[in-house]
Amino acid sequence: MDSLPDQSARRARARARPRGHTCVLCLLRNGCLTALVPGFGELAAGAGRQPTSSWRRMQPRGSRKPTGPGEDQPFPGLLRPENQEELADVLRAVVVDQQGPLVTLNKPQGLPITGKPGELTLLSALPQLSQSLGLREQELQIVRAPGKEASGLVLLSSCPQTASHLQKFFTHSRRTQRPTATYCAITNGVPAPPKGTIQMALKLEHMDGMHLAVPVTSPSRKDILEGVKRTLSCFQVMATGYGCALVQLQPLTVFPGQLQVHMALQLCPVLGDHTYAARVGTVLGQRFLLAAKSTKPQRQALDEALLRCLHLTPSQAAQLPLHLHLHRLLLPGTRRRDPLRELLAPLPAYFSQTLQCLRLSP
């Protein structure tokens, strides 16, 4: 199974950079991407490195490295720990930065943040992780994290005052519409136009035993009081290939499933979205939106051409992980006038593999 780079390399990539570090798109003539957002080339390269012996030892029992397209487990880098000890090993291995009370992880896809008692979650592993990192006085608490199905940066703090300061920074940034989080996503379909904003009021509804985000058109004041929230995201297409796109997403609000729903509204669901992709229908090659309230979640359907490109069978595609990765976070400097600091997280190995299959990476 492929691995993240060793800890020293990860920390080197996560060093603070000034805010002025620019975003550059540079495509080769053959359609491959040479530069995306700050540090993206490093992320893609890091995801494809061979695992270290310590990483091999911490893999869950029964896991193995796939050797070709016909394998039963075609998604390298997925981790499925079976107990708290294995989960603690996984989290120690994905620490990308530790400075003072702040600890940054590169969360594996599929790991829930919270859950029921006895379930393996990030929250349940924090006491053991705090001890293993030498933080005995104060236990780590979650400051920022992507949802269960997404991968990427998790920001933790062992200092309540620091956590409160960061929360206020993120809240102020949202109010002033300054994005602090940047996601990478691969979408099934190419958004048109290639750059813009998506605004939609959303509410949570209980459907099929799940709480799902449902769009609300023209919400009233009563709707807002009852939990409907106006959401906003910025997007930019960075590369295209085989009917898919590599998209940079920057949410300016926080709502469960926001980015997945926003991409579905663009008729370009995120690859591996088995929750909201079903809301996009196709007739004679034309895509259209289905009614959210009457559309149940189901496994994402991919056409035969895309399956061949990804070297997947239909049964394997049904297990395709969500290609949504929180790869960049901006943090405030130590002093008020200091430039913002930047943290980066390497892409998961399966994400990097998909980029290569779709020729979206160098």
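Up top is the structure these notes are about.
The structure displayed is predicted, hence computed values, not measured ones.

A. Examining helix H8 (residues 258-265) more closely. Counting buried residues along H8, seven of its eight residues qualify, which places the element largely inside the surrounding structure. Among all positions of H8, only Gln258, Leu259, Gln260, Val261, His262, Met263 and Ala264 are buried. Looking one or two places after H8, you find Leu267, whose phi comes out positive at around 65°.

B. Main features of unusual backbone geometry. A cis geometry characterises the amide bond from Ala192 onward to Pro193, with omega recorded as 0°. Looking at where Pro193 falls in the secondary structure, it is placed in the loop between strand E7 (181-188) and strand E8 (195-207). Not every positive phi belongs to a glycine, and Ser218 is a case in point at roughly 50°. By the element assignment, Ser218 lies in the loop between strand E9 (210-216) and helix H7 (221-225).

C. Representation of the pairing of strand E12 (residues 280-283) in the model. Both E12 and strand E13 (residues 286-289) contribute to a ladder of four bridges, which runs antiparallel. In the sheet register, Gly281 faces E13, and the bridge partner there is Phe288. The hairpin formed by E12 and E13 contains two residues between the paired strands, and Leu284 there has a positive phi angle of roughly 55°.

D. Summary view of the packing of aromatic side chains. According to the stated counting rule, one finds one aromatic pair in the structure shown. Where Phe169 meets Phe170, the ring centres are 5.5 Å apart and the plane angle is 55°; that geometry is what we call tilted. By relative accessible area, which is 15% here, Phe169 ends up buried. Taking the ring centre of Phe170 as reference, the NZ or CZ of Arg144 above it sits at 4.7 Å.

E. Focus on helix H5 (residues 122-132). Looking at H5, one finds that the buried residues are Leu122, Ala125, Leu126, Leu129 and Ser130. The arc enclosing the buried residues of H5, seen along the axis, measures out at 145°, which places them on a common side. The inward-facing, buried residues of H5 contact helix H4 (84-93), strand E4 (102-107), strand E5 (141-144) and strand E6 (151-157). Looking one or two residues past H5, Gly134 carries a phi angle of roughly 80°, positive in sign.

F. Here's a closer look at the packing of H4 against H5. Contact geometry for H4 and H5: axes closest at 9 Å, N-to-C directions at 65°. One finds that H4 runs roughly perpendicular with respect to H5. The chirality of how H4 crosses H5 is right-handed. Residues Gln84, Glu85, Leu87, Ala88, Leu91 and Arg92 of H4 form the contact with H5, whose own contacting residues are Leu122, Ser124, Ala125, Gln128, Leu129 and Ser132. When its residues are assigned to classes, the contact of H4 with H5 shows six nonpolar, four polar and two charged.

G. Looking closely at the side chain of Ser173. Looking at the element boundaries, Ser173 is found in helix H6 (residues 160-175). Dropping the residues within four chain positions of it, Ser173 is found in contact with Arg178 and Thr180.

H. Expanded view of the pattern of salt bridges. Applying the stated criterion across every chain yields a total of four salt bridges. Of the charged contacts in the structure, one is a salt bridge between Arg92 and Asp89, with a shortest N-O distance of 2.2 Å. Separated by three residues within a single helix, Arg92 and Asp89 lie in helix H4, roughly one turn from each other. Owing to a relative accessible area of 30%, Arg92 belongs among the partly exposed residues under this scheme. Judged by its relative accessible area of 31%, Asp89 is partly exposed. Residues Glu205 and Lys203 are paired through a salt bridge, measuring 2.9 Å at the closest nitrogen-oxygen approach. Bridged by salt links that share partners, the residues Lys203, Glu205 and Lys293 form one connected network.

Procedures and definitions
- Residues numbered from 1 in each chain as written.
- Predicted model: local features only at pLDDT ≥ 70, side-chain atom pairs only at ≥ 80, totals over all residues.
- Heavy atoms only, no water.
- Buried < 20%, exposed > 50% of the residue type's maximum accessible area, 1.4 Å probe, protein only.
- Helix = DSSP H or I, 4+ residues; strand = E, 2+ residues; numbered from the N terminus.
- Pairing = 2+ DSSP bridges.
- Phe/Tyr/Trp six-rings, centres within 6.5 Å; stacked < 30°, edge-to-face > 60°.
- Lys NZ or Arg CZ within 6 Å of the ring centre and 35° of its normal.
- Arc of directions from axis to C-beta.
- Contact = heavy atoms within 4.5 Å.
- Axes fitted to C-alpha atoms, helices over the stretch in contact; angles between N-to-C directions.
- Parallel < 35°, antiparallel > 145°, perpendicular 65-115°, else oblique.
- Left-handed = near helix turned anticlockwise from the far one by under 90°.
- Nonpolar A, V, L, I, M, F, W, Y, C, P; charged D, E, K, R; others polar.
- Salt bridge = Lys/Arg side-chain N within 4 Å of Asp/Glu carboxyl O.

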